[in-house]
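Close look at the chain arrangement
One letter stands for each residue in the lines below.
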Amino acid sequence: MKRALIVVDVQNDFCEGGSLPVEGGAQVAHDIAEILHHWVNKDPKAPDYAHVVATKDHHVDPGAHWSKDPDYTDSWPVHCKVGTDGEAFHPNLDPQPFDAIFLKGDHAAAYSGFEGRTTNGTSLVDWLRKHDVTHVDICGLTMDYCVKLTALDAAASGFETRVLRRLCAGIAPATTEQALVAMRDAGVTVG
């Protein structure tokens, strides 16, 4: 069994002060960084991850995904625009020992990390399979969109999938609860 941690979209625009902030985003970044610090230093307290990867919203021109009058369901304010500080990982997420980073959404909406690719074009599912990963833990932003859809795709792709609830934040309580139900219904463990 090989387990990987997938850190989803812990970027400036999704944290306090960003264009699409989630309450608690900066704290999630800090808490993930603490685990990564232990992992990098091979601390006995660290989770036993074979790999740690990350996803990023990476928008050049995602069309109707950006809107001046967003509905906050299918359209959103401009966020994670390539070349802006908003697209960068949150500074609390230091260190960043990612084995790979998967960019998603250049010219379209993209919520699941499984829509992402490395700069050399490798998809997340192919990367995980190439590295013999069988189990994934998922954390990051936001529970009710990108974390949820990454988890659902991970489970559908045959990975034993667990979402680390304390290392996630959601946009709203109602949609977060709906996400938790959808994930559990799909066989995802929420711990």
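Residue positions are counted from 1 within each chain, in the order its sequence is given. Note on the predicted model: pLDDT of at least 70 is required for a residue's local features to be given, and 80 or more for side-chain atom pairs to be given and counted; whole-chain, interface and lining totals, by contrast, use all residues. The side-chain values count all of the structure's non-hydrogen atoms but skip hydrogen atoms and water molecules.

The chain appears in an unreviewed UniProt entry as nicotinamidase from Nocardioides koreensis. UniProt positions are given in the numbering used here, feature names are shortened, and annotations may be inferred rather than shown by experiment. As recorded by UniProt, the Sequence similarities (unreviewed entry) comment attached to the chain reads in full: "Belongs to the isochorismatase family." Its UniProt record gives the chain the following Pathway (unreviewed entry) comment, quoted word for word: "Cofactor biosynthesis; nicotinate biosynthesis; nicotinate from nicotinamide: step 1/1."

Here, axes are lines fitted to C-alpha atoms. For helices the fit covers the stretch in contact, and angles between N-to-C directions go from 0 to 180 degrees. Working definition: helices are DSSP H or I runs of at least four residues, strands are E runs of at least two. Numbering for both runs from the N terminus. Two numbers describe how helix H3 (residues 143-156) lies on helix H4 (residues 173-185): the axes approach to 9 Å, and their chain directions differ by 10°. The angle between H3 and H4 falls in the class roughly parallel. Residues Met 143, Asp 144, Val 147, Lys 148, Ala 151 and Leu 152 of H3 form the contact with H4, whose own contacting residues are Thr 175, Thr 176, Ala 179, Leu 180, Ala 182 and Met 183. Each residue is assigned to one of three groups, with Ala, Val, Leu, Ile, Met, Phe, Trp, Tyr, Cys and Pro labelled nonpolar, Asp, Glu, Lys and Arg labelled charged, and all others, Gly among them, labelled polar. By residue class, the composition of the contact of H3 with H4 is eight nonpolar, two polar and two charged. By the definition adopted for this analysis, an angle is roughly parallel if under 35 degrees, roughly antiparallel if over 145, roughly perpendicular if from 65 to 115, and oblique otherwise. By the convention used here, residues are in contact when the closest approach between their heavy atoms is within 4.5 Å.

Once that is clear, we can look at the sheet that holds strand S3 (residues 100-104). What the six strands build is an open sheet, ordered S3-S2-S1-S4-S5-S6; its pairing is parallel. Each edge of the open sheet is held by one strand with a lone partner, namely S3 and strand S6 (189-190). Pairing geometry for strand S2 (residues 51-57) and S3, over five bridges, is parallel. Along S3, the bridge assignment pairs Thr 55 with Phe 102. Across the sheet, helix H1 (residues 25-40) touches strand S1 (3-8), S2, strand S4 (135-141) and strand S5 (160-169), and the angle it forms with S5 is around 125°. Two strands pair under a simple rule: DSSP has to find at least two bridges between them.

This part takes up the side chain of Ser 112. Assignment of secondary structure puts Ser 112 in the loop between S3 and helix H2 (124-130). Accessibility here uses a 1.4 Å probe with only protein chains present; expressed as a share of the type maximum, an area under 20% marks a residue as buried, one over 50% as exposed, and anything in between as partly exposed. Given a relative accessible area of 2%, Ser 112 falls into the buried group. Two N or O atoms count as a polar contact when they lie within 3.5 Å, although within protein this holds only if one can serve as hydrogen donor and the other as acceptor, and sequence-adjacent residues are included solely when both atoms are side-chain atoms. Here Phe 114 takes part through its backbone nitrogen, which lies 2.9 Å from a polar atom of the side chain of Ser 112. With residues near it in sequence (within four places) discarded, Ser 112 still touches Lys 104, Leu 149, Thr 150 and Asp 153.

The next point concerns H3. Since the α-helix turns once every 3.6 residues, residues separated by three or four places project in the same direction. Turning to H3, its buried residues are Met 143, Asp 144, Tyr 145, Cys 146, Val 147, Thr 150, Ala 151 and Ala 154. Where H3 is buried, its residues meet S1, S3, S4, S5 and H4. Backbone geometry just after H3 places Gly 158 at a positive phi near 95°.

To continue, consider H4. For a helix, the expected span equals 1.5 Å multiplied by the number of residues minus one. Under the 1.5 Å per step criterion, the end-to-end length of H4 is 18 Å for 13 residues, consistent within 8% with the ideal 18 Å. Positive backbone phi, approximately 90°, marks Gly 187, located one or two places after H4.

So, on to the side chain of His 58. Of note, His 58 is situated in the loop between S2 and S3. What His 58 contacts, discounting residues up to four positions off in sequence, is Cys 80, Val 82, Glu 87, Leu 103, Lys 104, Gly 105 and Asp 106.

Two rings from Phe, Tyr or Trp (for Trp, the six-membered ring) form a pair when their centres sit within 6.5 Å of each other. Planes less than 30 degrees apart are called stacked, planes more than 60 degrees apart edge-to-face, and all others tilted. One pass over the structure, following the stated rule, counts six aromatic pairs. On the basis of an interplanar angle of 90° and a centroid distance of 5.8 Å, the ring pair of Tyr 72 and Trp 76 is categorised as edge-to-face. On the basis of relative accessible area, Trp 76 is assigned to the buried category, the value being 4%. Each ring, one from Trp 76 and one from Tyr 145, has its centre 5.1 Å from the other, and the planes form 85°; the classification is edge-to-face. Taken together, the residues Trp 76 in the loop between S2 and S3 and Tyr 145 in helix H3 connect sequence positions 69 residues apart. On the accessibility criterion, Tyr 145 (16% relative accessible area) is buried.

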